[in-house]
Amino acid sequence: MYLTNKLDHIATGDATQLTLIATWLVEIYMNQFNRVQPGSNEAEDLSQEFRIFLKDTQVRTVLVLLLVLLLVLLLVLLLVLLSVLLLLLLVLVLTSFNRSRTWTRQPPITC
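Along each chain, residue indices are assigned from 1 in the same order as the chain's sequence is written. This being a predicted model, a pLDDT of at least 70 is required before a residue's local features are given, and a value of 80 or more before pairs of side-chain atoms are given or counted; all residues contribute to the totals for chains, interfaces and linings. Only hydrogens and water are set aside when side-chain values are computed; all heavy atoms of the structure are taken into account.

**Focus: the overall build of the chain**
Line of reasoning, step 1. Strands are runs of DSSP state E lasting at least two residues, helices are runs of H or I lasting at least four, and both sets are numbered from the N terminus onward. Per the secondary structure count, the chain includes four helices and zero strands.
Line of reasoning, step 2. Beginning at the N terminus, the succession of helices and strands in the chain can be written as α-α-α-α.
Line of reasoning, step 3. With the radius of gyration taken over C-alpha atoms, the globule rule is written as 2.2 Å times the number of residues to the power 0.38. Computed over its C-alpha atoms, the radius of gyration of the chain comes to 29 Å, more than 25% above the 13 Å expected for a compact globule of 111 residues.
Line of reasoning, step 4. C-alpha extents for the chain along the principal axes are approximately 95 × 35 × 15 Å.
Line of reasoning, step 5. Roughly 9,400 Å² of accessible area belongs to the chain as shown, and the carbon and sulfur atoms make up 67% of that amount. Under the convention used here, a 1.4 Å probe and the Shrake-Rupley method define accessible areas, while residue burial counts only the protein chains that appear.

**Let's talk about a negative patch on the surface**
Line of reasoning, step 1. There is a patch of like negative charges on the surface, built from Glu-42, Glu-44, Asp-45 and Glu-49.
Line of reasoning, step 2. Turning to its location among the elements, Glu-44 is positioned in helix 3 (residues 41-55).
Line of reasoning, step 3. When a residue's accessible area, from a 1.4 Å probe over protein chains only, is under 20% of the maximum for its type it is buried; when over 50% it is exposed; and in between it is partly exposed. Classification of Glu-44 by relative accessible area gives partly exposed; the value is 48%. Like charges within 9 Å and nonpolar side chains (Val, Leu, Ile, Met, Phe, Trp, Tyr) within 5 Å are joined into patches, using only residues over 30% in relative accessible area that form no salt bridge. The salt bridge criterion pairs a side-chain nitrogen of Lys or Arg with a carboxyl oxygen of Asp or Glu, the two atoms within 4 Å. Positive residues here are Lys and Arg, negative ones are Asp and Glu, while His and the chain termini are left out of the count. Charged side chains are reduced to one point each, which is NZ for Lys, CZ for Arg, CG for Asp and CD for Glu.

**Let's talk about the nonpolar core**
Line of reasoning, step 1. Nonpolar core, defined: a set of buried Ala, Val, Leu, Ile, Met, Phe, Trp, Tyr and Cys residues in which side-chain atoms within 4.5 Å join the residues together. Counting 15 residues, the largest nonpolar core has Leu-7, Leu-18, Ile-21, Leu-25, Tyr-29 and Phe-53 as its most contacted members.
Line of reasoning, step 2. Residue assignment for this core shows that the elements contributing at least two residues are helix 1 (2-8), helix 2 (15-35), helix 3 and helix 4 (57-100).
Line of reasoning, step 3. No other element matches helix 2, which puts five residues into this core.
Line of reasoning, step 4. For Phe-53, the contacting residues outside a window of four places in its chain are Leu-7, Ala-22, Leu-25, Val-26, Tyr-29 and Val-59. Note on contacts: a residue pair qualifies if any of its non-hydrogen atoms lie within 4.5 Å across the two residues.

**Overview of the packing of helix 2 against helix 3**
Line of reasoning, step 1. Running from N to C, helix 2 and helix 3 cross one another at 165 degrees; their axes reach a closest spacing of 10 Å. When the axis of helix 2 is compared with that of helix 3, the two are roughly antiparallel. In this structure, helix 2 meets helix 3 at a crossing whose hand is left-handed. Residues Ala-22, Leu-25, Val-26, Tyr-29, Met-30, Gln-32 and Phe-33 of helix 2 form the contact with helix 3, whose participating residues are Ala-43, Leu-46, Ser-47, Glu-49, Phe-50 and Phe-53.
Line of reasoning, step 2. By residue class, the composition of the contact of helix 2 with helix 3 is ten nonpolar, two polar and one charged. Between N-to-C directions, angles cover 0 to 180 degrees, with each direction set by a line fitted to C-alpha atoms, over the stretch in contact for helices. Geometric relationships in this document are graded by angle, where less than 35 degrees denotes roughly parallel, more than 145 denotes roughly antiparallel, 65 to 115 denotes roughly perpendicular, and other angles denote oblique. In this scheme the crossing of two helices becomes right-handed for a clockwise turn of the near helix relative to the far one and left-handed for an anticlockwise turn of less than a right angle. Residues are grouped as follows: Ala, Val, Leu, Ile, Met, Phe, Trp, Tyr, Cys and Pro are nonpolar; Asp, Glu, Lys and Arg are charged; all remaining types, including Gly, are polar.

**Some points on the packing of aromatic side chains**
Line of reasoning, step 1. Note on aromatic contacts: the rings of Phe and Tyr and the six-membered ring of Trp form a pair at centre separations within 6.5 Å, being stacked when their planes are under 30 degrees apart, edge-to-face when over 60 apart, and tilted otherwise. Inspection of every chain in the model, using the stated rule, returns four aromatic pairs.
Line of reasoning, step 2. Between Tyr-29 and Phe-50, the ring centres sit 5.0 Å apart and the planes meet at 55 degrees, which makes this aromatic pair tilted. Here Tyr-29 is found in helix 2, whereas its partner Phe-50 is found in helix 3, with 21 residues between them in sequence.
Line of reasoning, step 3. Ring centres of Phe-33 and Phe-50 lie 5.6 Å apart, and the angle between their planes is 85 degrees; this geometry places the pair in the edge-to-face category. Of the two residues, Phe-33 sits in helix 2 while Phe-50 sits in helix 3, which places them 17 residues apart along the sequence.
Line of reasoning, step 4. In this structure Phe-33 comes out as partly exposed when scored by relative accessible area, which is 27%.
Line of reasoning, step 5. The structure contains a cluster of three or more aromatic residues connected by ring pairs, namely Tyr-29, Phe-33, Phe-50 and Phe-53.

Put into structure tokens, the structure is as follows:
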């Protein structure tokens, strides 16, 4: 396959191209898995080929980096959601505090 050969000849420092090609290859393998009958010889061959692909050091590095990036993005999203919830809670508390407080008008101070 062209992309597999391309992946073998990319320099380790070219992270962007490694990531793109590895991601495309994973997508291609997943698409092929969806098309074969489970338990067939073709599925077994494809599974073996995919295992060999995943054993590649460059591919493992890229997939681990993508996983770490995904976890960081999920953590940031969680922190943003938590901040929004805390802000909403603060607004709710302040609104209920202002409603429960009775305001009395003080007469002006005269000298």
